[in-house]
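The primary structure of each chain is shown beneath.
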Amino acid sequence: MSSASCRLSEERFLCSICLDVFTDPVLIPCGHNFCSTCINTYWDNRDICQCPMCNEKFSTRPELRVNTFISELADEFKKLVQVKTSTPGPQLSAVDVLCDICSEIKDKAVKSCLTCLTSFCESHLEPHQRVAGLKGHTLLEPVKNLDDRMCKTHNKMTELYCLKEQAFICVLCFIAHHKGHNAVPLEEQYEKVATTKDEAQANIHKLIQTRIEKIAEVEKVLHVSPVDSEKEKQAAVQVFTELIQSIQASQAELVEAIEQRHSAIKQKGEEFLKELRREVTELQSRSSQLEHLSQSEDHYHFLQSFQTLSKPPHKSCTDTDLCPDLSFQATRGHLTRLKQRVDEIMEEIPEIRMKRMREHAVDLTLDPDTAFYSLVISEDGKQVTEEDNIEEDEVIDNPKRFVICCEVLAKEGFTTGKFYFEVQVKGKISWIIGVVRESVDRKTNTSASVENGYYTFSLYEGKYQTTADSKPEILKEELQKLGVFVDYTKGEVSFYNADSKSRIGCITGCCFTEKLYPYFCPQWNYNERNSAPLIITPVPQTH
């Protein structure tokens with residue numbers, strides 16, 4: 001009996017806000033007592049003044065005076081109660097949690113109470129260890145943000161765990177929104193998950209070891225890389241030096257051979273001209289002699305001389321060949337093909353190929369007049385997203401607009417030459433990007449194929465595919481930015497990982513006869529899983 005009386009008396013001297021013995025207790029109009037600091041702080045954080053115990057509301061904030069009678073009794077009670085301070089506190093977490101009750105200089109909390117949603121230092125925790133009504137509260141190591149453990153909808157503790165949605169819920173959540181779901185108490189889920197701790201820890205250690213080995217491997221590469229890079233650079237310079245020297249020597253030999261051949265032709269031509277002129281002089285002399293002979297009446301002399309004068313010269317240069325040797329033309333053809341081959345070899349180096357492609361970069365802007373009704377284009381015309389809450393009748397139709405799928409074109413079209421652009425696809429799980437013919441069908445459900453004018457590259461269900469591929473494939477490298485290069489004259493559309501500079505797709509053998517437009521399809525939103533935008537990014541210029 002005396003024990004119960006003691007506990008009753010003890011509870012009468014505890015403030016229901018801080019759960020500690022009253023300090024400067026004040027009496028509010030409804031008859032309940034609180035520490036002066038506690039009740040004033042409580043009211044400061046609320047729009048209305050009401051009693052924390054009985055919830056009685058007051059139209060104006062009451063003027064409070066210290067209840068001297070309760071204050072004196074509380075002081076006497078404090079002297080009778082010995083607060084335990086010798087027990088060492090628990091090990092603090094990496095980030096110290098402070099006591100919520102300390103008013104000025106806050107001590108470090110040693111426990112957090114899930115029932116009170118409050119963290120206590122050793123002194124303010126003492127009632128939880130002594131008062132019968134508080135001993136049943138759930139205490140745990142100090143944690144921050146205890147309010148996060150409250151259900152925001154029902155303002156109750158989240159005591160259950162929904163296995164289906166993997167969410168912390170309260171009892172009212174289970175009744176209202178998770179009926180039929182498999183929900184278990186947090187303690188039960190904790191015990192179940194705790195049994196997998198060792199396996200998870202082993203997996204983490206394995207991952208750590210893998211990362212450490214990879215770090216050592218990368219560090220080794222970085223250590224050796226400068227040496228290898230210098231050797232590779234020197235070897236490349238040596239090869240090019242020898243190639244240049246060989247080309248220069250071959251150039252000198254070719255020039256000398258051309259000069260020699262020209263000199264020989266010139267000499268031969270001059271001799272030919274000299275001989276031709278001599279023959280002309282001789283023939284002119286014979287012509288004159290024949291004219292003179294025709295006037296002679298001496299038949300014997302005429303017949304004797306005519307036979308000699310009418311015969312052609314013993315040697316004639318009329319058939320001399322002075323045409324240039326065609327071997328030099330063949331040589332020029334061989335050298336032209338050699339240059340083309342050298343260019344092809346150089347473009348097999350990703351950095352050089354990317355540099356040359358980026359020289360043909362174009363600045364693109366999305367065309368809202370072509371955009372499907374649910375597409376949202378940024379103000380600068382560089383980004384496009386699909387919003388599933390837009391109604392079709394909110395967009396005015398026009399002949400240029402796509403009406404079947406979430407597609408949009410750039411304003412800029414191309415009918416010749418080469419052009420290149422880059423698009424950020426980071427964070428998306430599905431998209432289509434490329435170029436299309438101006439005449440593609442925008443109003444009916446036609447397949448996106450090369451035959452129908454689509455020259456694109458797409459991602460769907462983790463696999464990539466061009467419109468020329470027979471089946472999609474998994475890409476072995478991460479793709480965050482796609483580069484698209486079009487050679488209109490050659491009839492080729494190539495797709496690149498703009499970060500790794502590797503070619504990941506190509507459509508060849510095309511015959512372009514009309515304007516090509518860059519094409520973008522962000523695909524459906526899929527309940528925010530594919531909400532990231534397609535972004536036309538500036539193409540970096542390398543020098």
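All figures in this text were calculated on a predicted structure; none of them were measured in a lab.

Rules and cut-offs
Residues numbered from 1 in each chain as written. Predicted model: local features only at pLDDT ≥ 70, side-chain atom pairs only at ≥ 80, totals over all residues. Heavy atoms only, no water. Pairing = 2+ DSSP bridges. Helix = DSSP H or I, 4+ residues; strand = E, 2+ residues; numbered from the N terminus. Contact = heavy atoms within 4.5 Å. Axes fitted to C-alpha atoms, helices over the stretch in contact; angles between N-to-C directions. Salt bridge = Lys/Arg side-chain N within 4 Å of Asp/Glu carboxyl O. Buried < 20%, exposed > 50% of the residue type's maximum accessible area, 1.4 Å probe, protein only. Core = buried A, V, L, I, M, F, W, Y, C linked by side-chain atoms within 4.5 Å. Phe/Tyr/Trp six-rings, centres within 6.5 Å; stacked < 30°, edge-to-face > 60°. pLDDT = per-residue confidence, 0-100. Arc of directions from axis to C-beta. Patch = residues over 30% accessible without salt bridge, like charges linked within 9 Å, V, L, I, M, F, W, Y side chains within 5 Å. Areas by Shrake-Rupley, 256 points an atom, 1.4 Å probe, with all protein chains shown as cover. Lys, Arg positive; Asp, Glu negative; His and termini not counted. Charge placed at Lys NZ, Arg CZ, Asp CG, Glu CD.

On the basis of which strands lie adjacent, the open sheet formed by 3 strands has the order E6-E5-E7 and antiparallel pairing. Of all strands in the sheet, those bounded by a partner on one side alone are strand E6 (118–120) and strand E7 (139–140). Sheet topology note: the strand E5 (residues 111–113)/E7 ladder contains 2 bridges and is antiparallel. Bridge pairing in E7 links cysteine 113 to leucine 139. The sheet contacts of helix H4 (residues 122–130) involve E5, E6 and E7, and relative to E6 the element is tilted by about 110°.

Take the pattern of salt bridges next. Two side chains with opposite charge may pair up if their charged atoms get near one another. The tally for this structure, following the rule as stated, stands at 15 salt bridges. Two residues, glutamate 126 and arginine 130, come together in a salt bridge whose shortest N-O distance is 1.8 Å. Taken together, the residues glutamate 126 and arginine 130, both in helix H4 and 4 residues apart, mark about one turn of the helix. Several salt bridges converge on common partners, so that one network encompasses Glu275, Arg278, Glu282 and Arg286.

To continue, consider the side chain of glutamine 523. The residue glutamine 523 is located in the loop between strand E21 (516–521) and strand E22 (534–537) in this model. By relative accessible area, which is 12% here, glutamine 523 ends up buried. Residues within four places of glutamine 523 in sequence aside, it is in contact with Glu386, Cys405, Cys406, Ser430, Trp431, Ile432 and Asn530.

Within the largest apolar cluster, 47 residues are counted, with the highest numbers of intra-cluster contacts made by Trp431, Ile433 and Phe520. Ignoring sequence-local partners within four residues, the contact set of tryptophan 431 consists of Val425, Phe457, Ser458, Leu459, Tyr464, Leu479, Leu482, Cys521, Pro522, Gln523 and Leu534. In this structure, Leu14, Phe58, Ala74 and Cys102 belong to the second largest nonpolar core, which totals 31 residues.

As a further point, take the packing of aromatic side chains. Summed over the entire model, instances satisfying the criterion amount to 14 aromatic pairs. Residues tryptophan 43 and phenylalanine 58 carry aromatic rings whose centres are separated by 6.2 Å and whose planes lie at 75° to one another, so their mutual orientation is edge-to-face. You can see tryptophan 43 sitting in helix H2 (residues 36–44) and its partner phenylalanine 58 sitting in strand E4 (residues 57–58), a full 15 residues away along the chain. By relative accessible area, which is 13% here, phenylalanine 58 ends up buried. The rings of Trp431, Phe457, Tyr464 and Phe495 are connected pair by pair, giving a single aromatic cluster.

Turning next to the sheet that holds strand E8 (residues 160–162). The strand order across the open sheet formed by 3 strands is E9-E8-E10, and the pairing between neighbours is antiparallel. Strands with a single pairing partner mark the edges of an open sheet, and in this sheet they are strand E9 (167–169) and strand E10 (183–185). Ignoring which end each strand starts from, the neighbouring axes of this sheet average 35° apart. Relative to the sheet, helix H7 (residues 186–194) contacts E8, E9 and E10, its axis offset from that of E10 by approximately 90°.

Okay, the confidence of the model for the protein next. Mean pLDDT over the protein: 83, with 91% of residues reaching 70 or higher. Averaged over each element, pLDDT in the protein is lowest for helix H1 (residues 2–12) (46) and highest for E21 (98). Across residues 82–94 the pLDDT falls below 50, and counting only partners more than four positions away or on other chains, this stretch makes 10 contacts in the model.

We now examine H2. Burial in H2 covers these residues: Cys38, Ile39, Tyr42 and Trp43. Mapping the buried residues of H2 onto a view down its axis gives an arc of 125°, with all of them on the same face. Contact partners of the buried residues in H2: strand E1 (25–27), strand E2 (33–35), strand E3 (49–50) and E4.

Quick look at unusual backbone geometry now. Of note, the phi angle at aspartate 24 is positive, near 50°, even though the residue is not glycine. The residue aspartate 24 is located in the loop between H1 and E1 in this model. With phi around 75°, glutamate 528 is a residue other than glycine that occupies positive phi space. Mapped onto the elements of the fold, glutamate 528 is located in the loop between E21 and E22.

A contiguous patch of negative charge, built from Asp24, Glu72, Asp75 and Glu76, is present on the exposed surface. Here glutamate 72 falls in the exposed class, since its relative accessible area comes to 53%.

This part covers a nonpolar patch on the surface. On the surface, Phe240, Leu243, Ile244 and Ile247 cluster together into a nonpolar patch covering about 340 Å² of accessible area. The residue isoleucine 247 is located in helix H8 (residues 197–293) in this model.

A few words now on the environment of lysine 490. Here lysine 490 lies in the loop between strand E18 (481–487) and strand E19 (492–497). Along the primary structure lysine 490 and glutamate 392 are separated by 98 residues, whereas in three dimensions their C-alpha atoms are 40 Å apart.

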